[in-house]
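Analysis of the macromolecular model
As a plain string of letters, each chain reads:
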Amino acid sequence: MRTVLFRLIGILEVAGGLYGFATMLRRLLPPGSLHNALPALIALAAYAFVMVAGVLLLEGSERGIRLSSWAQLLQLPLIATPIFSYAMHCGAYVDVFATLHLPVHPGITWLLGSEGFGLALAGPATSRLGLNLLALLSWLALRLR
């Protein structure tokens, strides 16, 4: 069971990392402002890290387990406030969140076969905080040694 879970996590990391890397590379190719390029460079590095972690995990190395744990932690938070926003996912996500507007509205969204990266010093007018449940479960599975 452990091997199947690790392979599934590794496949999602490699596929989502490659998809995200290609998307961010495409965003960087037309020269633009530093305002647009800086988040794309950070995302490019993050997706490369996740992709390498997934390859090492698929090889069955101990280092791959450690790096994949960090890769899952990168995908865990969902923060969207008017001041700061951050979210990342590679391969798939199941986001459980709460919209912080009176009254508080809980919600859940999911998607398979995707990538996403958001990093900004601004965000929506209505704050949203949550976590990627799939990343949390993957991180917990990686802790099973």
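Described in the following lines is the structure provided in the data block. (Residues numbered from 1 in each chain as written. Predicted model: local features only at pLDDT ≥ 70, side-chain atom pairs only at ≥ 80, totals over all residues. Heavy atoms only, no water.)

Right, let's get into unusual backbone geometry. Geometrically, the link from Leu102 to Pro103 is a cis peptide bond, its omega value of -5° lying close to zero. Structurally, Pro103 can be placed in the loop between β2 (85-99) and β3 (105-120). (Helix = DSSP H or I, 4+ residues; strand = E, 2+ residues; numbered from the N terminus.)

A few words now on the pairing of strand β1 (residues 77-80). Only one face of β1 is buried: it carries Leu78 and Ala80, and the other face, with Pro77 and Ile79, is open. Here β1 runs beside strand β4 (residues 128-132); their pairing, made up of four bridges, is antiparallel. Note on β4: the bridge partner recorded for Pro77 is Leu131. With three bridges joining them, β1 and β2 adopt antiparallel strand pairing. Looking at β2, one finds that Leu78 is bridged to Ala87. With antiparallel pairing between neighbouring strands as the criterion, β1 and β2 make up a hairpin whose turn holds four residues. (Buried < 20%, exposed > 50% of the residue type's maximum accessible area, 1.4 Å probe, protein only. Pairing = 2+ DSSP bridges.)

Turning to its location among the elements, Glu115 is positioned in strand β3. Buried and unpaired, Glu115 has Arg26 as its nearest opposite-charge partner, separated by 7.0 Å. Among the polar contacts listed, one links the side chain of Glu115 to the side chain of Tyr47, at a separation of 2.9 Å. Ignoring any residue separated from it by four or fewer positions in sequence, one finds Glu115 in contact with Gly16, Tyr19, Gly20, Thr23, Met24, Tyr47 and His89. (Lys, Arg positive; Asp, Glu negative; His and termini not counted. Salt bridge = Lys/Arg side-chain N within 4 Å of Asp/Glu carboxyl O. Polar contact = N/O pair within 3.5 Å; in protein donor to acceptor, adjacent residues only side chain to side chain. Contact = heavy atoms within 4.5 Å.)

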